[in-house]
Amino acid sequence: MSKPFSITNLSSIEIRGYMPGRQTNRDGILRKIGLQKHVQLSRSEAVREALRDAILSGVLPPGERLNLDEVAEEFGVSRMPVRDAVRQLETEGLLKVFPYKGVEVSTLSTGEIEELFTLRSALEQVAIGRAVPRLSAETIDDMRRILEEIDGLEDRTTRWLELNAAFHHALNAACGWPRLLEMIDTLRSNADRYVRSYVTNAGLSVSQQQHWALLHACEAGDAAKAKQVIDAHLMGTANSLIQILQQNLDETPEQPSRRRKINAG
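Residues numbered from 1 in each chain as written. Predicted model: local features only at pLDDT ≥ 70, side-chain atom pairs only at ≥ 80, totals over all residues. Heavy atoms only, no water.

**Description of the packing of helix H6 (residues 137-151) against helix H7 (residues 158-173)**
- At a minimum axis distance of 10 Å, the contact between H6 and H7 shows a crossing angle of 160°. Looking at the two axes, H6 sits roughly antiparallel to H7. Along this stretch, H6 crosses H7, giving a crossing that reads as left-handed. Residues Thr139, Met143, Ile146, Leu147, Glu149 and Ile150 of H6 touch H7, and the partners they reach there are Arg159, Trp160, Leu163, Asn164, Ala166, Phe167, Ala170 and Leu171.
- Residues belonging to the contact of H6 with H7 are distributed by class as follows: 10 nonpolar, two polar and two charged. (Axes fitted to C-alpha atoms, helices over the stretch in contact; angles between N-to-C directions. Helix = DSSP H or I, 4+ residues; strand = E, 2+ residues; numbered from the N terminus. Parallel < 35°, antiparallel > 145°, perpendicular 65-115°, else oblique. Left-handed = near helix turned anticlockwise from the far one by under 90°. Contact = heavy atoms within 4.5 Å. Nonpolar A, V, L, I, M, F, W, Y, C, P; charged D, E, K, R; others polar.)

See below:
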């Protein structure tokens, strides 16, 4: 069931620099989680980045509805930069636009999650195939330090997600293809908001074992083995996530859809 958007979720973002209009600087959820923005971007870029951060961090969860008039008012901009930002986030799969109905944070079906992880696995196998023979000793050491820090974490905190992303990026970046990295990062970001929300400690030990196996394959220069590990790692995560989403759907009672009216002014 879709949930109405509350503009207070964005009330602490402050956009500086390019924007000549009024600036917002209020306490709110984003300030608490450290996402206040001080950016030198165009209006639409600044709004896009702020909304993207809010979606990926879970401040704006799947199904959350956005009132574009309120978003524009909050940032002190016209509707045009907001519409531009929404179009970009729609192409990234983070927002869905329903004609004559509005905009909401996209909700991924189990089929879409399978598609995301299958695409990511295929792309990361390409990246790893190129990266393994190009990995430097310094990058290997960096990857090992990341895994050692993950070993010291007790649960799947925000820090775990940061380290997990850093480990995979360090490996993939060695492929030397920036467009490939951009595609992988887009897929990862879209899926990670579900990993953040639903995947718990149940999958942590297996995931970390696979990380170490991936590192050992890289150290041995075995690109074929590294590809096998990353495929098992990503598709195993997808299967676990799909099971958890299905359980949540089975346990959620059907309720009539309700929409709270938001006053734009």
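**Focus: the pattern of salt bridges**
- Using the criterion set out here, one finds 13 salt bridges in the structure.
- Between Asp141 and Arg144 there is a salt bridge, with its nearest N and O atoms 3.1 Å apart. A residue pair is termed a helical-turn pair when its members lie 3 or 4 positions apart in one helix, as Asp141 and Arg144 do in helix H6 at three residues. (Salt bridge = Lys/Arg side-chain N within 4 Å of Asp/Glu carboxyl O.)

**Comments concerning the pairing of strand E2 (residues 95-98)**
- As judged from the four bridges shared by E2 and strand E3 (residues 102-105), these two strands associate in the antiparallel manner. Paired with Val97 across the two strands is Val103, which belongs to E3. (Pairing = 2+ DSSP bridges.)

**Some words on the pairing of E3**
- Relative to E3, strand E1 (residues 65-66) is paired through two bridges, and the arrangement is antiparallel. Within E3, the position partnered with Leu66 by the bridge is Val103.
- The hairpin formed by E2 and E3 contains three residues between the paired strands, and Tyr100 there has a positive phi angle of roughly 65°.

**Quick word on the sheet that holds E3**
- The three strands lie next to each other as E1-E3-E2, forming an open sheet whose pairing is antiparallel. Each edge of the open sheet is held by one strand with a lone partner, namely E1 and E2.
- In the packing of helix H4 (residues 79-91) onto the sheet, the strands contacted are E2 and E3, and the crossing angle to E2 comes to about 115°.

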